[in-house]
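Coordinates in review
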Amino acid sequence: MRRKTEILLRIFLFLLCLIDLSVNGEYLIGLGSYDMTGPASQVNMMGYGNFDQITGGIHFRLRARTFIVAESFNGPRLVFVNLDAGMASQLVTIKVLKRLKSRYGNIYSEENVAISGTHTHAGPGGYLQYVTYSVTSLGFVPQSFEAIVTAIKLSIVQAHDNLKPGSIFINKGDLENAGINRSPSAYLFNPQEERSKYNTNIDTLMTLLKFVDGDTGKNIGAFSWFATHGTSLSRNNKLISGDNKGAAARFFEDWFTKNSSTKSTKVLDNLSGSNQDLLNKTSKIKPTGGQPCTNTTSQGFKVRKYKEMKFVGAFCQSNVGDVSPNVVGAFCIDSGLPCDFNHSSCHGNDQLCVGRGPGYPDEILSTKIIGERQFQKAVDLFTSAKQELTGKVDYRHVYINFTNIKVQLEDNKVVQTCPAALGPGFAAGTTDGPGVFGFQQGDTEINPFWKKLRDVLREPSPHQVGCQKPKTVLLDSGEMFWPYPWAARPNNKIKTSNTSNSNFQVRKTHHSLCARRLREAVKETLVRSGNGEFDDQTHVVIAGLTNAYSQYITTFEEYEQQRYEAASTLYGPHTLSAYIQEFKKLAESMAKGENITTKGPSPPDLLSIQLSLLPDPTGDSPPPGINFGDIKQDIMVPKSGTFTKGDRAIATFWSANPRYDLLTEGTFAVVEMLQHQSWLPEYDDDDFCLFFKWQAENITSIARDDVNSYGYATLEWEVPEEASPGVYRLRHFGSTKEMKEPSNSYYTGASSAFTVS
């Protein structure tokens, strides 16, 4: 019998795997990608739960990336979507599936679609349906939600339309410098015998799938799974960003495009003559002023034509629970000394303990470095991948009430899970993003003030208090239902799928050792129950944050210390045991080829009762005599008269709120280069070197004795090493809408020219 490799992708409670039965090792494979960048102003970001962290521009755009694997056009298939988002959303999944059903009938359903988030903490929030996750975003944000749902659907449509015969290869290896355990004291609570089996206190494994066109033999994509938090950017960041995983994807796709394209030489006709001639030419090119344009004009200025892209590279999240990208460690910001080991605080103050990335104090640089490390490892795995996946596509799915699962432990003792609840260690936050003052990780006591406030919201029941111990209940989210549920209802979803690679998906955020236990349990069950289809080469991957979100899972032992992750393990101390028990059932049914007869209760669709407290833009205008797109502050040229590598060219434009139109698959910012008397786009707001920032300020008119709010966009271009010498300018695109007008109007404007030498 041929040896096969199993990969288990996962989310919410999703399991995917493959068994060795395909014909000639070839599947139908399709890949897609679509812009899912949400509102770039005034919307709270999802991740840190910080009221002050609202969007104010774009670092680089967010995307939904999809791959589909099918046995045949009429045979079983599975879909995996990777989002540049904090996590997937139960409501997003529900609505995506509804739209897919209206287009494709029953081809795509909850049975075979997995939607996973990268866990970036720099994307717009307001797209989850439970109160706990929408408080800081002032409730539901329809624009955030629609951007994500539309992008997922259209990326799946692209992948579906691109289905063609092809092969899949798997490779794996360790990446040891892109993550650090942010709760090392909790890890030490696990048994020494178990810890001694591993070289590190985090999971360093990266697993990569390589997709090859069966007709041409050309590479068309890669999806990899590796555990590190999307928190290279801090809670002070206001720019939309895919963080380190989104950066890795951008680097990978650009690397492939560069290395697969026909080499060409750029002709720079504007460099003839002396440097003074070049400066004279530049000085004559003044700002254009604001000019009208169409709603799709900015799409023509995109440097990356995604509709023409021949490669999709995704960096998916895995068991990320206790893994931080801030690999230098956590230090006190007042003294510079390491934080307290057990509580990650400084003098008892959680606010002073902050993790440092490899580019500290420049968090943009840290994002780039951690992204590059994942990218470089993926390239190594991609170029050396030799093991081909072969197997039947299969999957299993069930919904489970996770608030009262009875679990039989190894000593035959029967325990059970609890209604969802958060402890005081949750409020303390982490070294990636400190929480509320007055809390520390490891707290099991609540001071009288917070206890009274808790009881105003909901005093936990005696059952809940006893069930969650040693966690003290700070927020009894599982027993709070006004104005609608605060946490995922008791119908967690479990899925399993099969594709010559066991792909296990869990919606929670697993700890390192927690995931190791779960993977081993699933693999052991597959091997034991599979009648030879599975063996020691079976490989299990956890793809966390899929299809829904219900926070963390720690081991029973780590739960005892009640650091942030344990305090955020919603269903009590036996949560992990319950997951292992239920996944073993799914793995056994898959290995034996048996169907799941009881699917469980479906999750609720709460869209119709969502509260949305964030006001829409109400129409704005520039100051009198000014047009949108006009320059507010032109380029400040260095004393040398020219910019060099590493300098920043900055221009500010009068600009309307970017929430009027997201310019999907377009751009708010462009760097243009003068070539053959024409301005051609060189960089856009998808590039690491170009920053689009937007803000509004109140300006008082003394003559009219009133106050007006005006918006402006600042474009900052950090001249990269690869920039060619020549003449450049910055261009801004935007949209506005008068209060009484039925549709938007669009505008653009460009700065004066400047030189790069």
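Residues numbered from 1 in each chain as written. Predicted model: local features only at pLDDT ≥ 70, side-chain atom pairs only at ≥ 80, totals over all residues. Heavy atoms only, no water.

1. What to know about the overall build of the protein
Spelled out, the test is: Strands here mean DSSP runs of E at least two residues long; helices mean DSSP runs of H or I at least four residues long; both are numbered from the N terminus. Contacts are assigned to residue pairs that have any heavy atoms within 4.5 Å of one another. Accessibility throughout is a Shrake-Rupley quantity obtained with a 1.4 Å probe, and a residue counts as covered only by protein chains that appear here.
For the protein, the helix and strand inventory stands at 14 helices and 36 strands. When contacts within the protein are restricted to residue pairs at least 6 apart in sequence, long-range pairs at least 24 apart make up 80% of them. Of the roughly 28700 Å² that the protein leaves accessible, carbon and sulfur atoms contribute 52%.

2. Description of the confidence of the model for the protein
The condition is simple: Scored between 0 and 100, pLDDT is the confidence that the predictor attaches to each residue.
In this model, the protein carries a mean pLDDT of 89, and residues with pLDDT of at least 70 account for 90%. Taken together, the stretch residues 1-24 has pLDDT below 50 and engages in 198 contacts with residues farther than four places along the chain or on a different chain. Across residues 490-507, where pLDDT falls below 50, the model places 198 contacts with residues more than four positions away in sequence or in other chains.

3. A short note on the UniProt feature "binding site: Zn(2+)" (unreviewed entry) in the protein
Using the following cut-off: UniProt positions are given in the numbering used here, feature names are shortened, and annotations may be inferred rather than shown by experiment.
Listed under "binding site: Zn(2+)" (unreviewed entry) in the UniProt record, and renumbered for this structure, are His119, His229 and Tyr552. Spatially, the listed residues are clustered: although they cover 434 residues, their C-alpha atoms lie within 12.8 Å of one another. Relative to the helices and strands, histidine 119 resides in the loop between β8 (113-117) and β9 (123-124). Non-local contacts of histidine 119, meaning those with residues more than four positions away in its chain, are made with Ala85, Gly86, Met87, His229, Gly230, Gln317, Val320, Leu545, Tyr549 and Tyr552. Relative to the helices and strands, tyrosine 552 resides in strand β27 (residues 552-553).

4. Some details on the packing of aromatic side chains
Here is the rule we go by: Ring pairs shown here join Phe, Tyr and Trp side chains whose ring centres sit within 6.5 Å, with only the six-membered ring taken for Trp; geometry is labelled stacked below 30 degrees between planes, edge-to-face above 60, and tilted in between. Only protein chains enter the area calculation, which uses a 1.4 Å probe; residues under 20% of their type maximum are buried, those over 50% are exposed, and those in between are partly exposed.
For the structure shown, the criterion picks out 36 aromatic pairs. Seen from their ring centres, phenylalanine 252 and phenylalanine 382 are 5.6 Å apart, and the 90° between their planes marks the pair as edge-to-face. A residue pair is termed long-range when its members are at least 10 positions apart, and phenylalanine 252 in helix α5 (residues 243-260) and phenylalanine 382 in helix α7 (residues 363-384) qualify at 130 residues. On the basis of relative accessibility, which here comes to 3%, the residue phenylalanine 382 falls in the buried class.

5. A short note on the pattern of salt bridges
Side-chain pairing between opposite charges can occur once the charged atoms of the two side chains come close. Threshold: Put simply, a salt bridge is a Lys or Arg side-chain nitrogen that is within 4 Å of an Asp or Glu carboxyl oxygen.
Taken as a whole and assessed by the stated rule, the structure comprises 32 salt bridges. Taking the shortest distance from any N to any O, the salt bridge between lysine 164 and aspartate 213 comes out at 3.4 Å. In this pair, lysine 164 sits in strand β10 (residues 164-174) while aspartate 213 sits in strand β12 (residues 205-213), placing the two residues 49 residues apart along the sequence. For aspartate 213, a relative accessible area of 8% puts it in the buried group.

6. A word on the environment of leucine 365
Looking at the secondary structure, you find leucine 365 in helix α7. Classification of leucine 365 by relative accessible area gives partly exposed; the value is 37%. When the C-alpha positions of leucine 365 and serine 232 are compared, they lie 8.9 Å apart, and in sequence the two are 133 residues distant.

7. Observations regarding the state of the cysteines
Just so we agree on the cut-off: We call a pair of cysteine sulfur atoms a disulfide whenever their separation is within 2.5 Å.
Using the criterion set out here, one finds three disulfides in the structure. Residue cysteine 339 pairs covalently with cysteine 353 via a disulfide, S to S 2.2 Å. Judged by the sign of its S-S torsion, about 110°, the cystine formed by cysteine 339 and cysteine 353 is right-handed. Residue cysteine 339 is located in the loop between β17 (329-332) and β18 (353-356), and its partner cysteine 353 is located in strand β18; the two are separated by 14 residues in the primary sequence.

8. Side note on the nonpolar core
Rules: In this text, buried Ala, Val, Leu, Ile, Met, Phe, Trp, Tyr and Cys residues form a nonpolar core when linked through side-chain atoms within 4.5 Å.
If you look at the biggest cluster of nonpolar residues, it comprises 110 residues, and the most contacted ones within it are Leu83, Tyr127, Ile152, Phe692, Trp717 and Phe754. Leaving out residues up to four positions away in the same chain, tryptophan 717 has contacts with Asp647, Arg648, Ala649, Val671, Tyr683, Cys689, Leu690, Ala723, Tyr728, Leu730, Phe754 and Val756.

9. Notes on a nonpolar patch on the surface
We count it as follows: Like-charged residues are merged into a patch within 9 Å and nonpolar side chains (Val, Leu, Ile, Met, Phe, Trp, Tyr) within 5 Å, provided each residue has over 30% relative accessible area and no salt bridge.
Taken together, the side chains of Phe51, Val135, Leu138, Leu611 and Leu613 make up a nonpolar region of the molecular surface, amounting to roughly 460 Å² of accessible area. On the secondary structure map, leucine 138 appears in the loop between β9 and α2 (142-161).

10. Quick look at α5
Test applied: Take the number of residues in a helix, subtract one, and multiply by 1.5 Å to get its expected span.
Taking 1.5 Å of rise per residue, 18 residues should cover 26 Å, and α5 covers 26 Å from first to last C-alpha, within 8% of that figure. All of the buried residues along α5 are Asp243, Asn244, Lys245, Gly246, Ala247, Ala248, Ala249, Arg250, Phe251, Phe252, Glu253 and Phe256. As for α5, its buried residues are in contact with β6 (63-70), β12, β13 (219-226), β15 (312-317) and α7.

11. Quick look at helix α11 (residues 512-529)
Given 3.6 residues per turn, any residue in an α-helix points the same way as the ones three and four places further on. Look at α11: 26 Å from first C-alpha to last across 18 residues, which is about the 26 Å you get at 1.5 Å a residue. Counting buried positions along α11 gives 13 out of 18 residues, so the element sits mostly inside the fold.

12. Section: the side chain of glutamate 194
To be explicit about the condition: In the analysis that follows, any N or O atom pair within 3.5 Å is treated as a polar contact, provided that within protein one partner can donate a hydrogen and the other can accept it, and provided that, for residues neighboring in sequence, both atoms belong to side chains.
By secondary structure assignment, the location of glutamate 194 is in helix α4 (residues 192-195). Judged by its relative accessible area of 14%, glutamate 194 falls in the buried class. Of note is the side chain of glutamate 194, whose polar atom sits 2.7 Å from the side chain of arginine 517. In this view, glutamate 194 contacts Leu513 and Arg517; residues no more than four positions away in its chain are not counted.

13. Brief notes about the packing of α5 against α7
Selection criterion: Angles run from 0 to 180 degrees between N-to-C directions of axes, and those axes are lines fitted to C-alpha atoms, restricted for helices to the stretch in contact. Angles are sorted into four bins: roughly parallel if under 35 degrees, roughly antiparallel if over 145, roughly perpendicular if 65 to 115, and oblique for all others. Definitions for this section: a left-handed crossing has its near helix turned counterclockwise from the far helix by less than a right angle. A right-handed crossing has that turn clockwise. For this classification, the nonpolar set comprises Ala, Val, Leu, Ile, Met, Phe, Trp, Tyr, Cys and Pro, the charged set comprises Asp, Glu, Lys and Arg, and every other residue, Gly included, is treated as polar.
With their axes 7 Å apart at the nearest point, α5 and α7 run at an angle of 50° to one another. Between α5 and α7, the angle is such that the two are oblique. In this structure, the crossing between α5 and α7 has a hand that is right-handed. Only Thr367, Lys368, Ile370, Gly371, Glu372, Gln374, Phe375, Ala378, Val379, Phe382 and Thr383 of α7 make contact with α5, whose side of the interface consists of Asp243, Asn244, Lys245, Ala247, Ala248, Phe251, Phe252 and Trp255. In the contact of α5 with α7, the residues fall into ten nonpolar, five polar and four charged.

14. Some words on the side chain of serine 224
Along the polypeptide, serine 224 turns up in strand β13. Every residue in contact with serine 224, bar those within four places of it in the chain, is listed here: Met206, Thr207, Leu208, Ala314, Phe315 and Cys316.

15. Focus: the pairing of strand β34 (residues 726-736)
Definition in use: Between any two strands, at least two bridges found by DSSP are needed for them to pair.
Most of β34 sits out of view: eleven of its eleven residues are buried. The pairing of β34 with strand β36 (residues 754-756) spans three bridges and is classified as antiparallel. Within the sheet, the bridge partner assigned to glycine 726 lies in β36 and is valine 756. Relative to strand β35 (residues 745-750), β34 is paired through six bridges, and the arrangement is antiparallel. Within β35, the position partnered with glycine 734 by the bridge is tyrosine 747.

16. Regarding unusual backbone geometry
Between lysine 469 and the following residue, proline 470, the backbone shows a cis peptide bond with an omega angle of 5°. With respect to the element layout, proline 470 can be found in the loop between α10 (462-468) and β23 (492-499). Even without being a glycine, glutamine 562 presents a positive backbone phi close to 60°. Topologically, glutamine 562 is positioned in the loop between α12 (556-559) and α13 (564-567). For glutamine 562, a relative accessible area of 0% gives the class buried. We note that leucine 663 has phi near 50°; this positive angle belongs to a residue other than glycine.

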